[in-house]
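Chain by chain, the residues:
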Amino acid sequence: MIHLSPHFELLRHLEPRRLAGTVRSCRGLAFVVDGLRMPIGATVSIEPRGETHAPVMGEVVGFDGGSAIVMALEGGHGIASGDRVIGDAMPAAALVGDSLVGRVIDGLGRPIDGAPAPAKLRPRALHPRTINPLLRRPVRERMETGIRAVDSMLTLGRGQRLGIFSGAGVGKSLLLGSMARHCAADVVVLALVGERGREVREFVDGVLGADGRSRSVVVASTGDESPLMRVRACHAALAVAEHFRDAGRHVLLLLDSLTRLAHAQRQVGLSAGEPPATRGYPPSVFASMAKLVERAGSIEGRGSITALFTVLVDGDDLAEPIADTARSALDGHVVLSRALASKGHHPAIDVLESVSRTADAVVSPAEREQRRVLRRLLAAHRDVEELLSIGAYARGSNPDADVAIALRERIDSFLRQSTEERSAWSTTASMLAELCAEAETLRAKLASSAGAAAVPAMPRAAPQIRRQGAAPHAPAAAAHLAAVPPREGVAA
Ligand SMILES: Nc1ncnc2c1ncn2[C@@H]1O[C@H](COP(=O)(O)OP(=O)(O)OP(=O)(O)O)[C@@H](O)[C@H]1O
Ligand SMILES: [Mg+2]
């Protein structure tokens, strides 16, 4: 079925007159152009008079009386006062089409992978109207990612928007890469924004690999490009994803990183004359972030866009304004822990700090219960971790902790996964069920050997901590656990 709405969307914004203005002055990264009455978001061409300089594409980012504030999409060298600026009759659009699959393009849709220009592309609005909330399809269907820790503990649904939060170098990009390769999506659209040039190449060749590339569209804008180009690359990636969604496909959109997009948007806002507000970010940063995130989702009668955004958390501070805004706008967050990464536990997902708000809607009651059991064990282990490390935890004092300690290696190896490994949901589900059954058996064993009164099954008993050497609360349970080989660094 052909959807005409994207075409009407473009026609709605069509500028019937060709407008021109003159560069008056330069204001930071922007130019003040007299006489150019074009709306914000309009594309323009700045024409330097010198023959050595080619026309430069730009965008209207603000206005002041009869003057427009224009930013160049590419380097503004050669632009001088008095240069002509021609407004484009077409609204800002991205060129989209099925032939983009397997390709790497820049923010203007030009291929940067050395292959010929993709064929049969159609323009699509870069900034479409917001989706009518009543046309949105609720998140009801599981989106398999192939990553055990995510599929079991933070199940994703088609159309969900999730953030991946961590400090620098903890594994956000590699986790995105694994998802791009292993997830059950028809098409993957990757926006690499503000990366170093070297990282883009490494990501495309190394992380994504030939397999991942064959069903992906990569839109890349490196940190040395203009901030406007970086912002445009994100919107272009969304437009590509919307094209496939409208064709009924299930799309996984990955944006690395939302923080670098916010930095670019901050530069654009400040150049347009906005006042800096929260930590130097002008208000438009937060408004545009919310708008961008809202473009993902499922629409009745069409496909879906499931979106993952990485968020750099400075100094692991989750209250930082970008992280905070992202957390409230998204349907969940995956927190990566530096402590886990430094132990070589990858993906370094801190399950207890992470939430998938739509997970309950896409899993069965049995799976929900299994997830609860595993979370409870992880929480119990975390509660006694410090005592364990100094050998001050007396086994037998907390049944959940005792089971968690005994199963710790098993739980860790369930949650750990190499980037090459894809774990099908059927495998993950049976591993999870097995782990939970084992926890139950162990708990029953401990209860029977310690006496039902000493080890209640429910609810969770408050931990009773004793110094090593003191008489344990349940001597038989302690004896049983002593038989379990202790983990490295854990006093038996
Ligand atoms: N799943 C993994 N398996 C093995 N090593 C990993 C894994 N994830 C991350 N690492 C290690 O962590 C390093 C940083 O990973 P990555 O580039 O994904 O971090 P990042 O959070 O995206 O960093 P930045 O904030 O700089 O973008 C990798 O080079 C690798 O050494
Ligand atoms: Mg990264």
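We now turn to the structure provided with this report. Model, not experiment: these values are computed from the prediction. (Residues numbered from 1 in each chain as written. Chains lettered and ligands numbered in written order. Predicted model: local features only at pLDDT ≥ 70, side-chain atom pairs only at ≥ 80, totals over all residues.)

### Quick word on the overall build of the protein
Then step 1. A count of helical and extended segments in the protein gives 14 helices and 20 strands.
Then step 2. Considering only intrachain contacts with a sequence separation of at least 6, the fraction spanning at least 24 residues in the protein is 72%. (Helix = DSSP H or I, 4+ residues; strand = E, 2+ residues; numbered from the N terminus. Contact = placed C-beta atoms within 7 Å.)

### Points about the environment of Asp360
Then step 1. If you trace the backbone, Asp360 turns up in helix H10 (residues 359-362).
Then step 2. For Asp360, a count of 13 C-beta atoms within 10 Å translates into the label partly exposed.
Then step 3. A C-alpha to C-alpha distance of 9.3 Å links Asp360 and Leu154, two positions 206 residues apart in sequence. (Buried ≥ 20, exposed ≤ 12 C-beta atoms within 10 Å, placed from the backbone.)

### Observations concerning the site of ligand 1
Then step 1. Around ligand 1, the neighbouring residues are Ser166, Ala168, Gly169, Val170, Gly171, Lys172, Ser173, Leu174, Leu312, His346, Pro347 and Thr419.
Then step 2. Examining the composition of the shell around ligand 1, we find that 3 residues originate from one element, helix H3 (residues 172-182), more than from any other.
Then step 3. In terms of residue class, the shell around ligand 1 is built from 5 nonpolar, 6 polar and 1 charged. (Near = placed C-beta within 6 Å. Nonpolar A, V, L, I, M, F, W, Y, C, P; charged D, E, K, R; others polar.)

### Side note on the sheet that holds strand S5 (residues 67-72)
Strand-to-strand pairing in sheets goes through backbone hydrogen bonds, with the strands running parallel or antiparallel.
Then step 1. Within the closed barrel, the 6 strands sit side by side as S1-S2-S5-S4-S3-S6. Their pairing is antiparallel. Taking each pair of neighbouring strands and ignoring which way they run, the sheet shows an average axis angle of 45°.
Then step 2. In this sheet, strand S6 (residues 84-87) lies alongside strand S3 (residues 43-47) in antiparallel orientation, the contact comprising 4 bridges. Following the sheet pairing, Ile46 is matched in S6 by Val85. (Pairing = 2+ DSSP bridges. Axes fitted to C-alpha atoms, helices over the stretch in contact; angles between N-to-C directions.)

### Here's the deal with the environment of Val355
Then step 1. Along the chain, Val355 turns up in strand S20 (residues 355-356).
Then step 2. Put simply, Val355 and Thr155 are 200 residues apart on the chain and 9.3 Å apart in space, counted from C-alpha to C-alpha.

### Quick notes on the packing of helix H6 (residues 258-271) against helix H7 (residues 283-294)
Then step 1. For the pair H6 and H7, interaxial distance at closest approach is 8 Å and the crossing angle is 135°. Looking at the two axes, H6 sits oblique to H7. Note that H6 runs across H7; the crossing there is right-handed. Packed against H6, whose contacting residues are Leu258, Ala262, Gln265, Arg266 and Gly269, the element H7 presents Ser284, Val285, Ser288 and Met289 at the interface.
Then step 2. Of the residues assigned to the contact of H6 with H7, the class counts are 4 nonpolar, 4 polar and 1 charged. (Parallel < 35°, antiparallel > 145°, perpendicular 65-115°, else oblique. Left-handed = near helix turned anticlockwise from the far one by under 90°.)

### Describing the pairing of S3
Then step 1. Of the strand pairs in this sheet, S3 and strand S4 (residues 56-64) are connected by 4 bridges, and their pairing is antiparallel. Looking at the pairing, Thr43 lines up with Glu59 of S4.

### A few points about the environment of Gly21
Then step 1. For Gly21, the location among the structural elements is in strand S1 (residues 20-27).
Then step 2. Along the chain, Gly21 and Ile86 lie 65 residues apart, while their C-alpha atoms are 6.6 Å from each other.
Then step 3. Excluding residues within four positions of it along the chain, Gly21 makes contact with Val33, Asp34, Gly35, Leu36, Ala68 and Val85.

### Some thoughts on the pairing of S6
Then step 1. Across the two faces of S6 the burial differs, with Val85 and Gly87 buried and Arg84 and Ile86 not buried at all.
Then step 2. As defined by bridge partners, S1 adjoins S6 across 3 bridges and the pair is classed as antiparallel. Directly across from Ala20, in S6, lies its bridge partner Ile86.

### What about the nonpolar core?
What tends to happen in soluble globular proteins is that the nonpolar side chains get buried as a cluster.
Then step 1. If you look at the biggest cluster of nonpolar residues, it comprises 131 residues, and the most contacted ones within it are Val70, Ala237, Val240 and Leu253.
Then step 2. A total of 12 residues in this core trace back to one element, the largest contributor, which is helix H5 (residues 227-246).
Then step 3. If we skip the residues at most four places from it in the chain, Leu253 touches Val189, Ala237, Ala241, Ala296, Ile305 and Ala307. (Core = buried A, V, L, I, M, F, W, Y, C linked by C-beta atoms within 7 Å.)

### A few points about H5
Residues three or four positions apart in an α-helix share a direction because the helix packs 3.6 residues into each turn.
Then step 1. Helix length check: H5 (20 residues) gives 29 Å between terminal C-alpha atoms against 28 Å at 1.5 Å per residue, within 8%.
Then step 2. H5 sits mainly inside the fold: 19 of its 20 residues count as buried.
Then step 3. At the exit of H5 stands Gly248, carrying a positive phi of roughly 85°. (Expected span 1.5 Å × (residues − 1).)

### Points about unusual backbone geometry
Then step 1. Residue Ser257 is bonded to the preceding Asp256 through a cis peptide linkage, with omega at 5°.
Then step 2. In this fold, Ser257 is placed in the loop between strand S16 (250-256) and H6.
Then step 3. At the junction of His346 and Pro347, the peptide bond is cis and its omega measures out at -5° in the coordinates.
Then step 4. Phi is positive for Lys120, which is not a glycine, with a value near 50°.
Then step 5. Mapped onto the elements, Lys120 comes out in the loop between strand S8 (104-105) and strand S9 (122-125).

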